[in-house]
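# Working through the structure, step by step
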Amino acid sequence: MDKPIMNIADVVPEAMPASFTPKGSAAELFDVRMGEIATCIGARKLGYNLTAVPPGKRAFPFHNHRVNEEMFFVLEGSGEVRIGNEHHAIRQGDFIACPPGGPETAHQIINTGEAELKYLAISTLLYPEICDYPDSRKFLVSEGQRDADGKVHGFRHIGRAESALDYWDGE
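Residues numbered from 1 in each chain as written. Predicted model: local features only at pLDDT ≥ 70, side-chain atom pairs only at ≥ 80, totals over all residues. Heavy atoms only, no water.

### Some points on the environment of Asn85
- Within the secondary structure layout, Asn85 lies in the loop between β6 (78-83) and β7 (86-91).
- Sequence separation between Asn85 and Pro13 is 72 residues; the distance between their C-alpha atoms is 30 Å. (Helix = DSSP H or I, 4+ residues; strand = E, 2+ residues; numbered from the N terminus.)

### Examining unusual backbone geometry
- Following Tyr127, the chain continues into Pro128 via a peptide bond in cis, with omega recorded as 5°.
- In this fold, Pro128 is placed in the loop between β10 (117-124) and β11 (129-133).
- Within the chain, Arg137 stands out as a residue other than glycine whose phi angle is a positive 60°.
- Note on placement: Arg137 falls in the loop between β11 and β12 (138-142).
- Arg137 sits in the exposed class, given a relative accessible area of 53%. (Buried < 20%, exposed > 50% of the residue type's maximum accessible area, 1.4 Å probe, protein only.)

### Observations concerning the sheet that holds β7
- Taken in spatial order, the three strands line up as β7-β6-β9 in an open sheet, and their pairing is antiparallel. Strands with a single pairing partner mark the edges of an open sheet, and in this sheet they are β7 and β9 (107-110). Taken pair by pair, the neighbouring strands of this sheet meet at an average axis angle of 20°, ignoring direction.
- Pairing between β6 and β9: four bridges, direction antiparallel. Bridging from a neighbouring strand, Glu80 pairs with Ile110 of β9. (Pairing = 2+ DSSP bridges. Axes fitted to C-alpha atoms, helices over the stretch in contact; angles between N-to-C directions.)

### A word on the pairing of strand β8 (residues 95-98)
- Alternating residues of β8 divide into Ile96 and Cys98, all buried, and Phe95 and Ala97, none buried.
- Pairing of strand β5 (residues 70-76) with β8, which is carried by four bridges, proceeds in the antiparallel orientation. Its bridge partner lying in β8, Phe72 is registered against Ile96.

### Thoughts on the sheet that holds strand β1 (residues 14-15)
- Here six strands make up an open sheet; going across it, the order is β1-β2-β3-β10-β5-β8 and the pairing antiparallel. Strands at the two margins of the open sheet, each flanked by one partner only, are β1 and β8.

### Section: the nonpolar core
- Counting residues in each nonpolar core, the largest one holds 14 residues, and the members touching the most others are Val53, Phe72, Ile90, Ile96, Ile109, Leu117 and Tyr119.
- Contributions of two or more residues to this core are made by β5, β8 and β10.
- Take this core: its biggest share by element is three residues, from β10.
- In this structure, Ile90 is in contact with Val74, Ser78, Gly79, Glu80, Val81, Ile96, Ile109 and Leu117, ignoring residues within four places of it in sequence. (Core = buried A, V, L, I, M, F, W, Y, C linked by side-chain atoms within 4.5 Å. Contact = heavy atoms within 4.5 Å.)

### Details of the side chain of Gln108
- Considering the arrangement of structural elements, one finds Gln108 in strand β9.
- Looking at Gln108, its side chain comes within polar contact range of the main-chain oxygen of Phe60, at 3.0 Å.
- Setting aside residues up to four positions removed in sequence, Gln108 forms contacts with Phe30, Arg58, Phe60, Pro61, Phe62, Glu80, Val81 and Arg82. (Polar contact = N/O pair within 3.5 Å; in protein donor to acceptor, adjacent residues only side chain to side chain.)

### A short note on the environment of Tyr127
- For Tyr127, the location among the structural elements is in the loop between β10 and β11.
- Of the residues examined, Tyr127 reaches a relative accessible area of 34% and is grouped as partly exposed.
- Spatially, the C-alpha atoms of Tyr127 and Phe95 are 25 Å apart, while their sequence positions differ by 32 residues.

Geometric values such as these leave the question of function open.
Right under this line is the structure:
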């Protein structure tokens, strides 16, 4: 960290690491570039980045956080946000609150506009974290954070409830 200040004009969104790039049919729906801000200016308890999504794409699957809260601020473009069972139009200047909770708080930002959608993403950085993915019926348990190169430090597991083992399995 050189100094605790960074101008948004100096944030350059970059493609996600290969390990986090959508594969197969997911590549048709998802595409995102992100520019890290928080670690560059010394943040410790909040994560923030500049997120850029091309027209017709989504940054991430529909998901909710059981522990962390997120907020988004739309800088450029337009689209929609799915929250629970509802869809809301979003445009430049909109704030979006995504508090922690169950699937009723699941959210996904979709670029339905003609131009790139850019937003500031802010999140608490509390671990361990549990995320649900209602569309695909997956869950994620994460105890560690992803570094700037996309490598996860700590425990991370994605699964489905129906593949759960009995408590005494293998003992």
